[in-house]
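Fold and geometry: a report
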Amino acid sequence: MDRIIIGNALSLIGAILMACIGLLKKRKQILTVQCVQFGIMGLANLVLGGITGTISAAVSIARNLVCAKRELTVPLKILFTVILVALSLYANTAGWLGILPMLSTCIYTWLLDIKGERRLKVVLIVAQIFWLVFDFSLSNYVSFAFDIITIITNLIGIATLTAEARKSA
């Protein structure tokens, strides 16, 4: 039970950072704080037994550090994907649940530069659904709750953007 409390406490810290990232305006700041957030969330996953979540966080940190310095090109996307898939498949002990963070991170990495805010929000929702299931399976209730909030806020964002587009048309 102690590991569930510690893991959820770490998740709360990471989730608060994730929410604060929305207030940042500079790309480099966003990517840097996201690295800290990924580190804390990765540690929470480790405490809760979600090794593939920890791996996804570590690869996301590496990706963000590279993105802070240069554009995320197709060769870099391939490199990060290969590293993530190889490490995740090697370390996975949770069956299909352990694959969910890998799928989420791969989708996000490949579609991060998609054009259009609504389309990006759809990508975020799909990626978050994988985390929703994974977090619930780990008893990571704090992250589970924030996954739901993230999905809802992105759905609201899509509705708002769609209404604005209709008004302009």
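Now for a description of the structure that goes with this document. As the structure is a computational prediction, the values presented were derived from the model and not from experiment. (Residues numbered from 1 in each chain as written. Predicted model: local features only at pLDDT ≥ 70, side-chain atom pairs only at ≥ 80, totals over all residues. Heavy atoms only, no water.)

With that out of the way, let us pick up the overall build of the protein. When you go through the protein residue by residue, the secondary structure sums to seven helices and zero strands. Helices and strands in the protein line up, N terminus first, as α-α-α-α-α-α-α. Scaling as 2.2 N^0.38, a compact globule of 169 residues should have a C-alpha radius of gyration of about 15 Å, and the protein matches this with 16 Å. The principal-axis extents of the C-alpha atoms in the protein amount to approximately 55 × 35 × 30 Å. A total of 169 residues make up the protein; the buried ones form 40% of that total. Looking at the protein alone, contacts between residues at least 24 apart form 66% of all its contacts between residues at least 6 apart. (Helix = DSSP H or I, 4+ residues; strand = E, 2+ residues; numbered from the N terminus. Rg over C-alpha atoms; globule rule 2.2 N^0.38 Å. Buried < 20%, exposed > 50% of the residue type's maximum accessible area, 1.4 Å probe, protein only. Contact = heavy atoms within 4.5 Å.)

The next thing to look at is the environment of Leu 103. As for its placement among the helices and strands, Leu 103 is situated in helix 5 (residues 96-111). With relative accessibility at 34%, the residue Leu 103 sits in the partly exposed group. Placed 75 residues apart in sequence, Leu 103 and Lys 28 show a C-alpha to C-alpha distance of 25 Å.

This brings us to the side chain of Asn 8. Within the element layout of this structure, Asn 8 appears in helix 1 (residues 2-21). Relative accessible area serves as the criterion here: at 9%, Asn 8 is assigned to the buried category. Reaching out from Asn 8, the side chain makes a polar contact with the backbone oxygen of Ser 139 at a distance of 2.9 Å. There is a polar contact of 2.9 Å between the side chain of Asn 8 and the backbone nitrogen of Val 142. Residues contacting Asn 8, with those up to four places away along its chain left out, are Ser 139, Asn 140, Tyr 141 and Val 142. (Polar contact = N/O pair within 3.5 Å; in protein donor to acceptor, adjacent residues only side chain to side chain.)

Attention shifts here to the packing of helix 4 (residues 74-91) against helix 5. It is the contact of helix 4 with helix 5, at a shortest axis distance of 10 Å, that shows an interaxial angle of 180 degrees. The angle between helix 4 and helix 5 places the two elements in the roughly antiparallel class. Packed against helix 4, whose contacting residues are Val 74, Lys 77, Ile 78, Thr 81, Leu 84, Val 85 and Ser 88, the element helix 5 presents Met 102, Thr 105, Cys 106, Thr 109 and Trp 110 at the interface. Split by residue class, the contact of helix 4 with helix 5 holds seven nonpolar, four polar and one charged. (Axes fitted to C-alpha atoms, helices over the stretch in contact; angles between N-to-C directions. Parallel < 35°, antiparallel > 145°, perpendicular 65-115°, else oblique. Nonpolar A, V, L, I, M, F, W, Y, C, P; charged D, E, K, R; others polar.)

This brings us to the nonpolar core. If you look at the biggest cluster of nonpolar residues, it comprises 11 residues: Leu 31, Ile 55, Val 59, Cys 67, Leu 72, Leu 76, Phe 80, Leu 84, Ala 91, Met 102 and Cys 106. When contributions to this core are tallied by element, the ones reaching two or more residues are helix 3 (51-69), helix 4 and helix 5. Counting residues per element, this core draws most heavily on helix 4, which supplies four residues. What Cys 67 contacts, discounting residues up to four positions off in sequence, is Arg 27, Leu 31 and Leu 72. Residues Leu 48, Leu 100, Trp 131 and Phe 134 belong to the second largest nonpolar core, which totals six residues. (Core = buried A, V, L, I, M, F, W, Y, C linked by side-chain atoms within 4.5 Å.)

Each aromatic ring pair is specified by the distance between its two centres and by the angle formed by the two planes. All chains considered together, the criterion is met by three aromatic pairs. Residues Phe 136 and Tyr 141 carry aromatic rings whose centres are separated by 6.4 Å and whose planes lie at 70 degrees to one another, so their mutual orientation is edge-to-face. The partly exposed category is assigned to Phe 136, whose relative accessible area is 48%. Residue Tyr 141 is classed as partly exposed on the basis of its relative accessible area, which comes to 43%. With a centroid separation of 5.1 Å and 50 degrees between ring planes, the pair formed by Phe 136 and Phe 144 is classed as tilted. (Phe/Tyr/Trp six-rings, centres within 6.5 Å; stacked < 30°, edge-to-face > 60°.)

What follows covers a nonpolar patch on the surface. Judged by side-chain polarity, Val 74, Ile 78, Val 82, Trp 110 and Leu 111 come together as a nonpolar surface patch covering roughly 420 Å² of accessible area. Among the secondary structure elements, those contributing two or more residues to the nonpolar patch are helix 4 and helix 5. The element that contributes the greatest number of residues to the nonpolar patch is helix 4, accounting for three residues. Following the sequence through the fold, Leu 111 ends up in helix 5. (Patch = residues over 30% accessible without salt bridge, like charges linked within 9 Å, V, L, I, M, F, W, Y side chains within 5 Å. Areas by Shrake-Rupley, 256 points an atom, 1.4 Å probe, with all protein chains shown as cover. Salt bridge = Lys/Arg side-chain N within 4 Å of Asp/Glu carboxyl O.)

Read these as spatial facts, not as claims about activity.
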